[in-house]
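# Overview (structure and organization)
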Amino acid sequence: MMGIKERGFRRLPEDLSLDLLVPEDNFYRRLEERIDLSFVRELVRPLYAGGGRRSIDPVVFFKLQLVLFFEDLRSERQLMDAVADRLSLRWYVGYDRHERLPDHSSLTRIRERYGLGVFRNFFERIIGMCVEAGLVRGEELFFDATKVEADAAVDSLAPRWFVEGHLQDLFEENAGEHEAGAQADRDAEESGPEDAEHVRRLPAAGDEDLIRANSASEDWISRGGAQDRSFKGTPGRERTADTRASRTDPAATPMRWSGSARKLGYQTHYVVDGGKSRIIFSVLVTPGEVSENRPMLDLLWRTAFRWKLRPHHVTGDGKYGTIENIAAVERSGIRAYLGLHEAGGRVGFFPKSAFAYDAEEDLYLCPAGETLKALGDAEGNRRRGRIVTYRAKGSVCAACDLKPRCTTNKNGRSLRRGPGDGHIDLVRAYMETEPYRRAIRKRKVWIEPLFAEGKLWHGMRRFRTRTLEKTNTEALLIATGQNVKRLLAFGGKGPKKLVRSAALRLPAGPLPDLARRSRGAHRRKRGVSLELFNKLERIRDHYPQVGDNGLSCDLCRCMAAAAARHGRWAATT
Ligand code: SF4
């Protein structure tokens, strides 16, 4: 028989509190218990006046931002609808059933009032919690960027001079309003009793110098990822963004998506720790036209100085491997495990990497084994930091079978070597080592899944806000949420993990004689466990000679078997 559900609702008892209605194992209970956000009141205190109407509690605002992230909501309006509907969300933000919730428009105002600086501080305070929980290693840093679609269509592109002129007009109008408001504030302050206190807080002469010096040194982070329009890219290639800008979102620039689709977008750059928790250290959104390699050094210095890190190496793909980046990273004592940027060579011809440089003889060896010698005053040019040209003999090249794949020049193939090429050779040497190959393999499973997570579950596929300041804020909130997830997942086990990792750390003394294990015992275990395999990998990193004379062949075979079984690294001994 078909059932018919009668609709009827009894009044809730008076003594039934919201706290009782939220299940004990609710996710937001865990979040409330683990993450104390009371620090945000201090963070935003300078932005509030001493008197007047009470504002929305900043803690409530930031809790709502976390709910926006965890529920994958696209707007503040949707957010407040969800909070009004769900008891657990009401409980988390601390509003009882009968209490009126903040209006969604207030949240937008508060976000604009706080600005990017407050959100960056919020992001960094959460990283601080991750550091305290022992989730950060800081020995290796991974760099990558992903394309994020802007909330604007390609059809909105117009001549840049028109868009910038229009914005300037708007800005001047607003500036007039701001100036009038500031003058009114000044008049009120002059007649107020707090005059002396205000004067005391003015910057002193020394501070002025400091402010001037600081404002002169601009980097990608301090200017919020904005493009430097004086920067010229590849000669002869005009960027669309130099002449055209979007009327909807002037900061978004045209990008090639997979296939031939052209959309307006941004690049979101992440710097991720190599520890198991994959904590995101830095986030920066730049216009789509900015290539990945350009903000890398600013992100690295900021991460290293802010968190007092001295990483052993940094890892990134070929887009990061420019001479400038590699030279700066190597000069600072960090290994540049970067792919090499081979752009610029002729398609179908041997790239420069096919030629081996012999530093002792100061010449290049070509794929046919012939030599390319330096032209002119090579030593003088090198001393002055100039480029040295190397050339093979025209007659040798003319008789060479490989010439169709090498050069069309009748004078022979030539190569140019600049001051940074020594660093490139160093990276080529790293490429032959297992730690380099392992770092590059690890990059794929370390940082790219974070972008996938952001895009699949947290709205990172397309920004919901416009302009650089707001998209940076949005990206910071997504990255903050991702770090909070790791803090909830791993943070509670901090001390235990520290003890365990200390126990697994290699002894400072001589290498234990692993080869003395009896062959029978080794066979009985039917291969090595993943822990042993990892330990052997670490030992091999520290003691390169182990692969040659420290381990028995059986053990090496077991390492290979364990690698294959666990789908991890390929054993190379
Ligand atoms: S063409 Fe000249 S430089 Fe090129 S492979 Fe042959 S000999 Fe060497």
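Structure: see above.
Residues numbered from 1 in each chain as written. Predicted model: local features only at pLDDT ≥ 70, side-chain atom pairs only at ≥ 80, totals over all residues.

Before going further, it helps to spend a moment on helix α12 (residues 296–306). Within the sequence span of α12, burial applies to Met-296, Leu-299, Leu-300 and Thr-303. An end-on view of α12 places all buried positions within 100° of arc, on one side of the element. Close packing links the buried residues of α12 with β1 (140–149), β5 (262–273), β6 (280–287), β7 (313–316) and α13 (323–331). Within two residues after α12, Lys-308 carries a phi angle of roughly 50°, on the positive side. (Buried ≥ 20, exposed ≤ 12 C-beta atoms within 10 Å, placed from the backbone. Helix = DSSP H or I, 4+ residues; strand = E, 2+ residues; numbered from the N terminus. Arc of directions from axis to C-beta. Contact = placed C-beta atoms within 7 Å.)

Across the sheet, five strands lie side by side as β9-β10-β11-β12-β13; this open sheet has antiparallel pairing. Two strands in the sheet have a free side with no partner beyond their single neighbour: β9 (356–358) and β13 (414–417). Neighbour-to-neighbour, the strand axes of this sheet turn through a mean angle of 30°, independent of strand direction. Bridge analysis of strand β10 (residues 363–365) against strand β11 (residues 371–374) gives three bridges, and the strand direction is antiparallel. Counted as the bridge partner of Tyr-364 is Leu-372 from β11. (Pairing = 2+ DSSP bridges. Axes fitted to C-alpha atoms, helices over the stretch in contact; angles between N-to-C directions.)

This part covers unusual backbone geometry. Of note in the backbone geometry, Asp-72 takes a positive phi value of approximately 50° without being a glycine. Inspection of the secondary structure assignment puts Asp-72 in the loop between α4 (58–70) and α5 (76–85). Taking the C-beta count within 10 Å as the criterion, Asp-72 has 13 such neighbours and is therefore assigned partly exposed. Positive phi values are uncommon outside glycine, yet Arg-278 reaches one of about 50°. Along the chain, the position of Arg-278 falls in the loop between β5 and β6. By C-beta crowding, Arg-278 is classed as buried, having 21 other C-beta atoms within 10 Å.

Let us now look at the pairing of strand β12 (residues 388–391). What you see with β12 is a clean split: Val-388 and Tyr-390 sit on the buried side and Thr-389 and Arg-391 on the side with no burial. Direction of pairing for β11 relative to β12: antiparallel, over a ladder of two bridges. Within the sheet, the bridge partner assigned to Lys-373 lies in β12 and is Arg-391. Note: β12 against β13, four bridges, orientation antiparallel. Opposite Thr-389, over in β13, you have Arg-416 as the bridge partner.

Listed in full, the buried residues belonging to α13 are Asn-325, Ile-326 and Val-329. An end-on view of α13 places all buried positions within 95° of arc, on one side of the element. On the buried face of α13, the contacting elements are α12, β7, β8 (335–338) and α16 (421–431). Backbone geometry just downstream of α13 places Gly-333 in the positive-phi region, at approximately 85°.

As a further point, take the nonpolar core. Counting residues in each nonpolar core, the largest one holds 78 residues, and the members touching the most others are Leu-64, Val-67, Phe-123, Val-272, Ile-280 and Val-283. It is helix α7 (residues 104–132) that contributes the most residues to this core, 10 residues altogether. Excluding its chain neighbours within four sequence positions, the residues that come into contact with Ile-280 are Tyr-270, Val-272, Leu-450, Ala-479, Gln-482 and Asn-483. By size, the runner-up hydrophobic cluster in this structure holds seven residues, among which are Cys-366, Tyr-390, Ala-392 and Cys-397. (Core = buried A, V, L, I, M, F, W, Y, C linked by C-beta atoms within 7 Å.)

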